Amino acid sequence: MGIIQASIPLFFILIAAELLFTRLGRRSFYRLNDSISDLSAGTLSQIAGIFTKLLLVGIFAWLFEHARIQRWVDIPAWPDGAMLRRDLSGATVDWTAVAGWVSAFIVVDLAYYWFHRVSHEVNLFWAGHVVHHSSEEYNLAVALRQSAVGGLIGWIFYAPLALLGISWEQFAVCYALNLVYQFWIHTRAVSRLPTWAEAVLNTPSHHRVHHGVNPEYQDRNYAGVFIVWDRWFGTFTEEREEPVYGLTTPLRSWNPLWSQLHQYVAIARNVRRASTWRDRWSSVFGAPGWRSAADGGVVVIPPVTPQSMIKFDPVVPTALSRYALAHFVLTIPPALWLLTVADRLPAMQLGAGAFYVALSLTNVGGVLEGRRWAFAAEQARLGALGVTSIVWLLRNEAPRSIGGASLCVFVTSAFVLWSHRAAFTMSSDERMDTMHRELAGR
């Protein structure tokens, strides 16, 4: 099991601790619908990683074996993982090996800085990263809101590390530790750390700035672990006031699949509307705020305050919120199982499992919005679950307890869904318009 997967229980423990802290302090850091969307996007990211990491592994391993500079230049090799394990398990430690791993960690963090920076400055890369910024809250659950497709082009920034002689094992360990570190800085519960830590490390205060939609906070503090990169390269800004979180163009959706793809769709639309090849190029490789003159020119980010920010929060019946939470919870065990056995499953079963998880989480997001399409899609999913449960019971292809439980879930869920079918007659945009009118009347 990888470092990130092994850390998942710790992530949920810390989320629970932060949630308890906010309850005791009567502070509002979490919303159910937003948190489900965060965790759903993170789950899709992990599922997609089963497939996308093969690309990065293959490219990295090939470059390491055939193109690293040590094949032509006589320099010492980086210590491998086996060497470090032998050193740590013995009576003495080879500090050269330790220094080599520390150096690898620093180099990986530097590569992350540039990948992260370009992911904010180039539209194509922003399309893969935007999902992480699309929540209008800031809490530990947001840390798990990760891209499912960004890795398809992110390898460009890490491939040079293979040329330097860093092995795939070293990179994988350092990269995973880098991401695990970044989990805890997604919190409003920690104000400031000691001065030395704020000067060297990426902290909750620094990273809150990065997630701020305020004009003065835009495109700042890209660091992964060491904030010194931002200080050196001129992208550092200190937190002066509580940021407003989200996107300059709000996502307005709990759909985790749409959160992963919406910016690619926007790019495709801009390319289709463009009248010149220069505009088409800029639509893809220009800044995310670039627009052609015909579309009004570069987007100017307006000032924003917590009072002027109206969060996306469509109202659905309480029973449907509980329905969505229940089916989200029921989807997580199959997703974790899929991640655990992915390397042992046939391709068809792996693909089918990934499709079921993606469909389930997408439907959960649609239910939380009261989307019309979600009612039809969820009926189809429940129908498949009911048929499968009956087949399990008749053919004894699974323990009868599992088949019986699945059938009960099907019957109960179908009853709740149909009992509240009227809630799916209004689109989420109409719900937001209604909410705006209600707020304006207060």
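Before reading further, recall that the structure is shown in the block above.
Residues numbered from 1 in each chain as written. Predicted model: local features only at pLDDT ≥ 70, side-chain atom pairs only at ≥ 80, totals over all residues. Heavy atoms only, no water.

(A) Quick look at the pattern of salt bridges. Going through the model one piece at a time under the given rule, you end up with 11 salt bridges. Note that glutamate 121 is salt-bridged to arginine 117, the shortest N-O span being 3.0 Å. Separated by four residues within a single helix, glutamate 121 and arginine 117 lie in helix H4 (residues 95-121), roughly one turn from each other. The partner of aspartate 343 in a salt bridge is arginine 344, with the nearest N and O atoms 4.0 Å apart. Per residue, the accessibility class of aspartate 343 equals that of arginine 344, and both read exposed. Several salt bridges converge on common partners, so that one network encompasses Arg31, Glu137, Lys311 and Asp313. (Salt bridge = Lys/Arg side-chain N within 4 Å of Asp/Glu carboxyl O. Helix = DSSP H or I, 4+ residues; strand = E, 2+ residues; numbered from the N terminus. Buried < 20%, exposed > 50% of the residue type's maximum accessible area, 1.4 Å probe, protein only.)

(B) Just the nonpolar core, in detail. Ranked by internal contacts, the top residues of the largest apolar core, which has 43 residues, are Ile15, Ile47, Phe183, Phe328, Val367 and Phe424. Mapped by element, the contributors of at least two residues to this core are helix H1 (3-24), helix H2 (32-66), helix H6 (140-143), helix H14 (318-341), helix H15 (347-369), helix H16 (372-395) and helix H17 (400-419). At nine residues, H14 tops the list of elements feeding residues into this core. For phenylalanine 424, the contacting residues outside a window of four places in its chain are Leu320, Val367, Gly370, Arg371, Arg372, Ala374, Phe375 and Leu417. Membership of the second largest hydrophobic core comes to 33 residues, among which are Phe60, Leu161, Ile166 and Cys174. (Core = buried A, V, L, I, M, F, W, Y, C linked by side-chain atoms within 4.5 Å. Contact = heavy atoms within 4.5 Å.)

(C) Main features of the packing of H16 against H17. Where H16 meets H17, the axes come as close as 8 Å, and the angle between the chain directions of the two elements is 155°. Taken together, H16 and H17 sit at an angle that is classed as roughly antiparallel. Seen from above, H16 lies across H17 with left-handed handedness. Touching Phe375, Glu378, Gln379, Leu382, Gly383, Leu385, Gly386, Ser389, Ile390, Trp392 and Leu393 of H16 are Arg400, Ile402, Gly403, Gly404, Ser406, Leu407, Val409, Phe410, Ser413, Ala414, Leu417 and Trp418, all from H17. A per-class count over the contact of H16 with H17 returns 13 nonpolar, eight polar and two charged. (Axes fitted to C-alpha atoms, helices over the stretch in contact; angles between N-to-C directions. Parallel < 35°, antiparallel > 145°, perpendicular 65-115°, else oblique. Left-handed = near helix turned anticlockwise from the far one by under 90°. Nonpolar A, V, L, I, M, F, W, Y, C, P; charged D, E, K, R; others polar.)

Taken by themselves, the reported measurements are silent on function.
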